Amino acid sequence: MQKMDTEENTFIHLKGLVWSATEKDIKTFLHDCNVKTVVLTTNERGKPSGDAFVHVDSEADVDKAMAHNKEHLRERFVIVEEIYEAQYRRGIKGAVQPNQMKLKTYSDSHLRLSNLPLISSELDIQTFLKDCKIIEVRILKTKAGKPNGEAVVEFESDEDLIRGMICNNSSLRGRFISVDKVEKCELEPMEETERKVPKVNPDDIEKKVSNTNPEIEAGKTGTFYIKLRGLPWKATEDEIAEFLDDCDIVGNVVIINNEAGKPSGDAVLQLLNNIDLERALKYDRKYLLDRCVIVEETDKDNYNKHIRKLDKPDTEENTFIRLKGLVWSATE
C-alpha cells in the first residue's frame, strides 16, 4: 500500500496475541514506546481476534515497537507490523476501545450455551445440564428460522446457575460447549422461538446418554472437510476448535499421529456447510500458539482414513510390532 504524503507513520499492527490480552498487557509489551491508543479487535461473534492496532507518539516509537517483533507476550510470540494511517483506521472501524466500553450487567438466572450441534434438542440440553433445575430453554435461531447453535437457559436458583457454569467446555454430541453469562439487555429483544422444557423421565436421559453416538448423529449434517498442517505438537482438540471459533465443527477434531504414536502437527475435521468451509479457509497462515497453521480443503476419503485409525475394536489385541530397516539377509 502506498503511503499518502499527509499520512502519519506512527501506527503498528500486532498479530497473534493471546485472546485474553488487555490494553495494559500491550502497553507492558511495548514498555519502551509512548503509546497513545490501543484498539483490541474482535471477530464476527464478538470474541477477541488476537489482533490489536496501536497508535504511538512518533516514528521513533514505531522503530522501538518493531524491535519487539516475534517477542513473547505470555505463551505466544507476537508479530509486529508497521502500517499507515489508512490501514489503521480501516482496522479499527467498528471496534470498541476500552475507554468506550459500558459496564455490563448480567442476568443472575440465565446462561448462554454456544457451539451446540444444530440438531440439539431441549432433551439434549436437559441431559447436558442434568444436575441443574431448569425453568426454560430458548433455542436461538437465524433469520431463516434455523437453529444457530446457541441456546439461552433459565435456572431456578443461584446454585443451579453455578452448576451450569461448571459445565463450560464439557462435551455434547462430540462438541465442546461454551457456557457464558448473559447480559440483561440481551434477554428482552430476543426474537427467537421460546420453548418450554418438556418433563423428562430421568431413565430416558440415562438411556439417551448411553445410546447416542455423537459422531454418527452429528455427521449427518455436513460433507465439507479441512486439513490443518503445521500445528504445535502440544495443541489440543479444544485449542484447535477455539482457533476456528466461528466455524461449526461436526464431531471431533482428529489429531493425526505419526508412526511413533505422537502428534504429527496435522489434523483433519468435518465442517457443517460451505459457509463454514469459507470461514475456516480464512484462517490459513494464521497463528495458533507459536506456529503458523496451513488450512486447506481435503476430501471425505482422507478424513475417513484417519478416523478409521482411531477406531480400534475393543476385541482387538495390541500385541503387535513392526520392525523397519532390517538387513536383507535377516532371518526369523
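Note: the structure precedes this text.
1. Considerations on the nonpolar core
So, point 1. Grouped together as the largest cluster of nonpolar side chains are 21 residues, with contacts concentrated most on I226, L228, I240, L244 and L269.
So, point 2. Among the secondary structure elements, those contributing two or more residues to this core are strand 14 (224–229), helix 9 (237–243), strand 15 (249–257), strand 16 (263–271), helix 10 (274–281) and strand 18 (291–298).
So, point 3. Aside from chain neighbours lying at most four places away, what touches L269 is F224, Y225, I226, L228, I240, L244, I249, N252, V253 and Y303.
So, point 4. Judged by nonpolar contacts, the second largest core, of 19 residues, contains L17, I26, V56 and V62.

2. Quick look at the pairing of strand 8 (residues 134–141)
So, point 1. Among the 8 residues of strand 8, 7 are classified as buried, and the element is accordingly described as predominantly covered.
So, point 2. Direction of pairing for strand 8 relative to strand 9 (residues 147–155): antiparallel, over a ladder of 6 bridges. Counterpart to K141 in the pairing with strand 9 is P147.
So, point 3. Hairpin connection of strand 8 to strand 9: 5 residues between the antiparallel strands, including G145 at a positive phi of 85°.

3. Focus: the environment of S49
So, point 1. Secondary-structure assignment places S49 in strand 3 (residues 48–56).
So, point 2. Overall, S49 belongs to the partly exposed group, its relative accessible area being 31%.
So, point 3. C-alpha separation for the pair S49 and G16, spaced 33 residues apart in sequence, amounts to 8.5 Å.
So, point 4. Those residues within four positions of S49 in sequence are excluded, and the remaining contacts are W19, T41, T42 and N43.
So, point 5. A polar side-chain atom of S49 sits 2.6 Å from a polar atom in the side chain of T41.
So, point 6. One polar contact links the side chain of S49 to the main-chain amide nitrogen of D51, over a distance of 3.3 Å.

4. Observations regarding the state of the cysteines
So, point 1. Applying the stated rule across the entire model yields 0 disulfides.
So, point 2. The thiol of C132 is unpaired, and the distance to the nearest cysteine sulfur, on C167, comes to 5.3 Å.

5. So, the side chain of H306
So, point 1. Position of H306 relative to the elements: it lies in helix 11 (residues 300–310).
So, point 2. On the basis of relative accessibility, which here comes to 9%, the residue H306 falls in the buried class.
So, point 3. The residues touching H306, leaving out its near neighbours within four places in the chain, are V254, I256 and V268.

6. Section: the sheet that holds strand 18
So, point 1. Here 5 strands make up an open sheet; going across it, the order is 15-16-14-18-17 and the pairing antiparallel. Across the chains shown, the open sheet's two edge strands, defined by having one partner strand only, are strand 15 and strand 17 (286–288). Ignoring strand direction, the axes of neighbouring strands in this sheet form an average angle of 35°.
So, point 2. Pairing geometry for strand 14 and strand 16, over 5 bridges, is antiparallel. Within the sheet, the bridge partner assigned to K227 lies in strand 16 and is V268.

7. With respect to the sheet that holds strand 6 (residues 79–83)
So, point 1. Pairing is antiparallel across the open sheet formed by 4 strands, whose spatial order is 2-3-1-6. The outermost strands of the open sheet, each flanked by one partner alone, are strand 2 (35–42) and strand 6. The mean inter-strand angle of the sheet, taken between neighbouring strand axes irrespective of direction, is 25°.
So, point 2. Across 6 bridges, strand 2 lies against strand 3 in antiparallel orientation. Paired with L40 across the two strands is A52, which belongs to strand 3.
So, point 3. Of the strands in this sheet, strand 1 (11–15), strand 3 and strand 6 touch helix 2 (residues 59–66), which is tilted by about 155° from strand 6.

Calculation notes
Residues numbered from 1 in each chain as written. Predicted model: local features only at pLDDT ≥ 70, side-chain atom pairs only at ≥ 80, totals over all residues. Heavy atoms only, no water. Core = buried A, V, L, I, M, F, W, Y, C linked by side-chain atoms within 4.5 Å. Buried < 20%, exposed > 50% of the residue type's maximum accessible area, 1.4 Å probe, protein only. Helix = DSSP H or I, 4+ residues; strand = E, 2+ residues; numbered from the N terminus. Contact = heavy atoms within 4.5 Å. Pairing = 2+ DSSP bridges. Polar contact = N/O pair within 3.5 Å; in protein donor to acceptor, adjacent residues only side chain to side chain. Disulfide = S-S within 2.5 Å. Axes fitted to C-alpha atoms, helices over the stretch in contact; angles between N-to-C directions.

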